Amino acid sequence: MPQIAPSILAADFANLQKEVEMLNASAADYIHVDVMDGIFVPNISFGLPVTEAIFRHATKPLDVHLMIVNPELYLEDFVKAGAAVLTVHVEACTHLHRTLQEIKRLGVKAGIAINPHSPIELLSEVLEEIDLVCLMSVNPGFGGQKFIEHTYSKVVNLKKLILKTGSRALIEVDGGVSNQNARRLVEAGADILVAGSFVFGNSDPHATIASLKSIAV
Ligand code: DX5
Ligand code: ZN
């Protein structure tokens with residue numbers, strides 16, 4: 001049974017409290033919070049004040065995905081804004097190990113996100129340090145994109161690498177997740193599924209979340 005992290009990026013921002021309360025009442029395990037700076041990715045979403053506002057109404061832990069350059073400058077701010085999981089991109093961190101140590105010092109879970117083109121071997125020396133790998137199954141920047149099929153084999157290989165290194169990191173898959181690929185992703189070894197448009201674009205988001213959650217392999 002996977003954990004489900006609906007992405008608030010696909011919510012109605014004019015009714016954010018209502019959307020958060022909808023997720024609170026659902027089977028979701030996390031609320032996935034996509035922060036984009038317009039530099040690391042070609043889109044700007046929202047930042048600290050909106051994250052803090054989501055946190056004020058959320059009863060589920062916030063899984064904060066930082067798609068920003070120099071994330072090390074904002075770690076403490078995002079922890080104060082309510083992050084329970086703080087994920088930085090391997091492509092955005094020159095001193096990744098130091099950044100991970102800092103996230104852990106702040107007392108939250110540490111994640112690394114990795115773009116579709118980046119080899120998972122980039123993570124081998126730090127896998128033991130982290131709680132989660134966020135495998136991007138689209139190029140980050142936008143919701144509603146097409147799932148990249150190569151992700152299945154990346155999940156399988158990452159699972160092997162995790163076992164080999166004795167890491168306890170969970171595998172999260174982010175981007176284009178729907179009922180078309182969720183089962184195969186869980187079979188491949190995915191532990192957490194992020195879903196934005198598939199959840200919020202459905203007339204019954206609770207049933208959609210429950211259907212993803214009920215996948216048993
Ligand atoms: C992409 C974001 C994803 C996105 C997922 O840059 O990191 O979390 O919101 O949205 P869907 O599920 O619509 O692809
Ligand atoms: Zn994300």
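In what follows, the accompanying structure is described.

A look at the coordination of the zinc ion (ligand 2)
Reasoning step 1: Ligation of the zinc ion (ligand 2) by protein atoms is provided by His32 (NE2), Asp34 (OD), His65 (ND1) and Asp174 (OD), these donors lying 2.1 to 2.3 Å from the ion.
Reasoning step 2: One way to put it: the 6 donor atoms around the zinc ion (ligand 2) meet at angles of 70 to 173°, and that makes the site octahedral.
Reasoning step 3: Sequence positions of the donors to the zinc ion (ligand 2) reduce to the motif H-x1-D-x30-H-x108-D. Residue Asp34 is located in strand E2 (residues 31–36), and its partner Asp174 is located in strand E7 (residues 170–174); the two are separated by 140 residues in the primary sequence.
Reasoning step 4: The exposure class of Asp174 is buried, given its relative accessible area of 7%.

What to know about the packing of aromatic side chains
Reasoning step 1: Considering all chains together, one arrives at 2 aromatic pairs under this definition.
Reasoning step 2: Geometrically, the ring pair formed by Phe13 and Phe46 is edge-to-face, given 5.7 Å between the ring centres and 80° between the ring planes. Here Phe13 is found in the loop between strand E1 (3–6) and helix H1 (16–24), whereas its partner Phe46 is found in the loop between E2 and helix H2 (48–57), with 33 residues between them in sequence.
Reasoning step 3: Ring centres 5.3 Å apart and planes at 55° place the aromatic pair Phe147 and Tyr152 in the tilted group.
Reasoning step 4: In this structure Tyr152 comes out as buried when scored by relative accessible area, which is 8%.
Reasoning step 5: Directly above the aromatic system of Tyr152 lies the positively charged group of Arg184, at a separation of 3.8 Å from the ring centroid.

Points about the sheet that holds E2
Reasoning step 1: Reading across the sheet, the 8 strands line up as E1-E8-E7-E6-E5-E4-E3-E2 and stay open at both edges, with parallel pairing between neighbours. Among the strands making up the open sheet, the edge pair consists of E1 and E2. Strand-to-strand twist in this sheet, taken as the mean axis angle between neighbours without regard to direction, amounts to 25°.
Reasoning step 2: By the bridge criterion, 5 bridges tie strand E6 (residues 132–136) to E7 in an arrangement that is parallel. Looking across to E7, one finds that Leu132 is bridged to Leu170.

Quick word on the site of ligand 1
Reasoning step 1: Looking at ligand 1, there are 20 residues lining it, with Asp34, Gly144, Asp174, Gly196 and Ser197 nearest.
Reasoning step 2: In the environment of ligand 1, an oxygen atom lies 3.4 Å from a nitrogen or oxygen atom belonging to the side chain of His32.
Reasoning step 3: Contacts to ligand 1 include Ser197, whose side-chain N or O atom sits 2.5 Å from an oxygen atom.
Reasoning step 4: At the level of secondary structure, the elements contributing two or more residues to the shell around ligand 1 comprise E2, strand E3 (62–67) and strand E8 (192–195).
Reasoning step 5: Of the residues forming the shell around ligand 1, the biggest block, 3 residues, is contributed by E2.
Reasoning step 6: Among the residues forming the shell around ligand 1, the class breakdown is 8 nonpolar, 10 polar and 2 charged.

Focus: the packing of H1 against H2
Reasoning step 1: Packing of H1 against H2 brings their axes to within 9 Å, and their N-to-C directions diverge by 50°. Classified by the interaxial angle, the pair formed by H1 and H2 is oblique. Considering how the two elements wind past one another, H1 and H2 form a crossing that is right-handed. The segment H1 lies against H2, with Leu16, Gln17, Val20 and Asn24 engaging Val50, Ile54 and His57.
Reasoning step 2: In terms of residue class, the contact of H1 with H2 is built from 4 nonpolar, 3 polar and no charged.

Observations regarding unusual backbone geometry
Reasoning step 1: We note that Asn70 has phi near 50°; this positive angle belongs to a residue other than glycine.
Reasoning step 2: Within the element layout of this structure, Asn70 appears in the loop between E3 and helix H3 (75–80).

Points about the environment of Ser26
Reasoning step 1: Relative to the helices and strands, Ser26 is located in the loop between H1 and E2.
Reasoning step 2: With 79 residues separating them along the chain, Ser26 and Arg105 place their C-alpha atoms 31 Å apart.
Reasoning step 3: Every residue in contact with Ser26, bar those within four places of it in the chain, is listed here: Lys60, His206 and Ile209.

Conventions used here
- Residues numbered from 1 in each chain as written.
- Chains lettered and ligands numbered in written order.
- Predicted model: local features only at pLDDT ≥ 70, side-chain atom pairs only at ≥ 80, totals over all residues.
- Heavy atoms only, no water.
- Donors = N, O, S within 2.8 Å, 3.2 Å for Na, K, Ca; no water.
- Tetrahedral: all angles 85-135°; square planar, octahedral: opposite > 155°, others 65-115°.
- Helix = DSSP H or I, 4+ residues; strand = E, 2+ residues; numbered from the N terminus.
- Buried < 20%, exposed > 50% of the residue type's maximum accessible area, 1.4 Å probe, protein only.
- Phe/Tyr/Trp six-rings, centres within 6.5 Å; stacked < 30°, edge-to-face > 60°.
- Lys NZ or Arg CZ within 6 Å of the ring centre and 35° of its normal.
- Pairing = 2+ DSSP bridges.
- Axes fitted to C-alpha atoms, helices over the stretch in contact; angles between N-to-C directions.
- Near = heavy atom within 4 Å.
- Polar contact = N/O pair within 3.5 Å; in protein donor to acceptor, adjacent residues only side chain to side chain.
- Nonpolar A, V, L, I, M, F, W, Y, C, P; charged D, E, K, R; others polar.
- Parallel < 35°, antiparallel > 145°, perpendicular 65-115°, else oblique.
- Left-handed = near helix turned anticlockwise from the far one by under 90°.
- Contact = heavy atoms within 4.5 Å.

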